[in-house]
Every structure is written in structure tokens, then in C-alpha cells.
Amino acid sequence: MATLFSKIVHGEIPADIVYQDEMVTAFKDINPIAPVHILIVPNKEIATVNDVAPEDEQMLGHMFVVARQVARDLNIDQSGYRLLINCRGDAGQEVFHLHMHLLGGRKLGPMLAK
Ligand code: 5GP
């Protein structure tokens with residue numbers, strides 16, 4: 001069954017898409033935790049970081065290039081931002097379609113709650 005994010009990638013459910021190409025799609029998080037909160041997802045379904053394969057290397061590198069471009073487009077490249085990927089339960093992963101969070105637009109504080 002298609003993941004929630006696959007449905008967004010294919011336009012089957014709505015999302016505020018800020019960037020899309022043949023490898024990745026970037027869209028606004030529905031429940032933002034920072035003024036800028038974008039999800040960058042592979043168009044291909046990969047459940048978690050545990051499931052990436054050597055043939056995904058180009059796409060995974062491309063996610064960073066897109067993150068840099070979106071950060072520029074949204075004017076947070078100079079103020080700074082955080083890229084975050086959750087993997088499985090202890091990290092709190094909710095959607096099992098690999099995604100990178102791009103967070104910025106305010107001081108984000110320490111990386112982890114103590
Ligand atoms: P995770 O906790 O898996 O790393 O992050 C999942 C993210 O997906 C959460 O930040 C959540 O707000 C976001 N999200 C869940 N459902 C939807 C949706 O239907 N649309 C969008 N745009 N974001 C979603």
C-alpha cells in the first residue's frame with residue numbers, strides 16, 4: 001500500500017509542495033515546529049534509514065543539494081537551519097517513508113531535550 005508521503009508525491013493528497021523533481025519532493029510539514037519546517041522525501045518508497053541501499057546513494061546525496069536550495073529559496077541559508085532524520089521508535093519516527101526535516105527561521109535550541 002502506498003505510504004502517505006507517496007500519495008503526496010503523486011498528488012493524490014494535497015500538500016504545499018515547494019520543490020519537486022524526478023528524485024525527491026519537498027513540502028511543508030502539516031504541523032510545523034519552526035517557522036520553516038519542510039519535509040524532503042525520496043519519490044521512491046524507502047521506509048527508514050535502515051532500508052537505504054547502495055543504489056540510493058545518488059538520491060540520498062541529492063536530498064542535501066535540494067535541502068540547500070530550499071533553504072536558500074526560503075531565506076534561511078544565512079541564518080542557519082537544522083536537517084534531521086528520525087529512524088524508528090526511539091527517534092519517534094511516525095511516517096515510515098524516509099524523510100529529512102529542514103527546520104529554521106528561529107533559534108532552534110539544543111539538539112536534544114535533556
Ligand atoms: P517523523 O516523526 O516521522 O520524523 O515526522 C513525520 C512528520 O510528518 C511530522 O512532522 C508530521 O507533522 C508530518 N506529517 C504527518 N502527516 C502529514 C501530512 O499529511 N501532510 C504533511 N504535509 N505532513 C505530515
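Note that the structure is predicted; figures quoted are calculated from it, not measured.

Asker: Quick question: what am I supposed to make of the overall build of the protein chain here?
Answerer: Summing up its helical and strand segments, the protein chain has 3 helices and 5 strands in all. Each helix and strand of the protein chain, placed in order from N terminus to C terminus, yields the pattern α-β-β-β-α-β-α-β. Expected size for 114 residues packed as a compact globule is a radius of gyration near 13 Å; at 14 Å, the protein chain falls within 12% of this value. For the protein chain, buried positions account for 36% of its 114 residues. At a minimum sequence separation of 6, the contacts of the protein chain that also span at least 24 residues come to 56%.

Asker: Can you help me understand the sheet that holds strand 1 (residues 17-20) in this one?
Answerer: Whenever strands of a sheet pair, they do so through backbone hydrogen bonds, lying parallel or antiparallel. Spatial ordering of the open sheet is given by 1-2-3-5-4, a layout of 5 strands whose pairing is antiparallel. Each having just a single partner strand, strand 1 and strand 4 (81-84) make up the two edges of the open sheet. The mean inter-strand angle of the sheet, taken between neighbouring strand axes irrespective of direction, is 15 degrees. Two elements, strand 2 (residues 24-28) and strand 3 (residues 36-42), share 5 bridges in a ladder whose sense is antiparallel. Bridging across to strand 3, Val24 finds its partner in Pro42.

Asker: I would appreciate a short explanation of the site of the ligand in the present structure.
Answerer: Among the 17 residues in the neighbourhood of the ligand, the closest are listed as Asp29, Asn86, Glu94, His99 and His101. In the environment of the ligand, a nitrogen atom lies 2.9 Å from a nitrogen or oxygen atom belonging to the backbone of Lys28. Here an oxygen atom of the ligand sits 2.8 Å away from a polar atom, N or O, in the side chain of His99. Compared with its free state, where it exposes 520 Å², the ligand has 84% of that area covered by protein. Elements with a minimum of two residues in the shell around the ligand: helix 1 (4-9), strand 2 and strand 3. Per element, the largest residue contribution to the shell around the ligand is 3 residues, and it comes from helix 1. In terms of residue class, the shell around the ligand is made up of 7 nonpolar, 7 polar and 3 charged.

Asker: Please explain unusual backbone geometry as it appears in this structure.
Answerer: For residues that are not glycine, phi is negative in most cases, and the peptide bond is trans in most cases. A positive phi angle, close to 65 degrees, is found at Asn75, a residue other than glycine. By the secondary structure assignment, Asn75 is in the loop between helix 2 (57-73) and strand 4. One non-glycine residue, Arg88, lies in positive phi territory at about 65 degrees. Structurally, Arg88 can be placed in helix 3 (residues 88-91). Since its relative accessible area comes to 47%, Arg88 is described here as partly exposed.

What counts, and where the lines are drawn
- Residues numbered from 1 in each chain as written.
- Predicted model: local features only at pLDDT ≥ 70, side-chain atom pairs only at ≥ 80, totals over all residues.
- Heavy atoms only, no water.
- Helix = DSSP H or I, 4+ residues; strand = E, 2+ residues; numbered from the N terminus.
- Rg over C-alpha atoms; globule rule 2.2 N^0.38 Å.
- Buried < 20%, exposed > 50% of the residue type's maximum accessible area, 1.4 Å probe, protein only.
- Contact = heavy atoms within 4.5 Å.
- Pairing = 2+ DSSP bridges.
- Axes fitted to C-alpha atoms, helices over the stretch in contact; angles between N-to-C directions.
- Near = heavy atom within 4 Å.
- Polar contact = N/O pair within 3.5 Å; in protein donor to acceptor, adjacent residues only side chain to side chain.
- Areas by Shrake-Rupley, 256 points an atom, 1.4 Å probe, with all protein chains shown as cover.
- Nonpolar A, V, L, I, M, F, W, Y, C, P; charged D, E, K, R; others polar.

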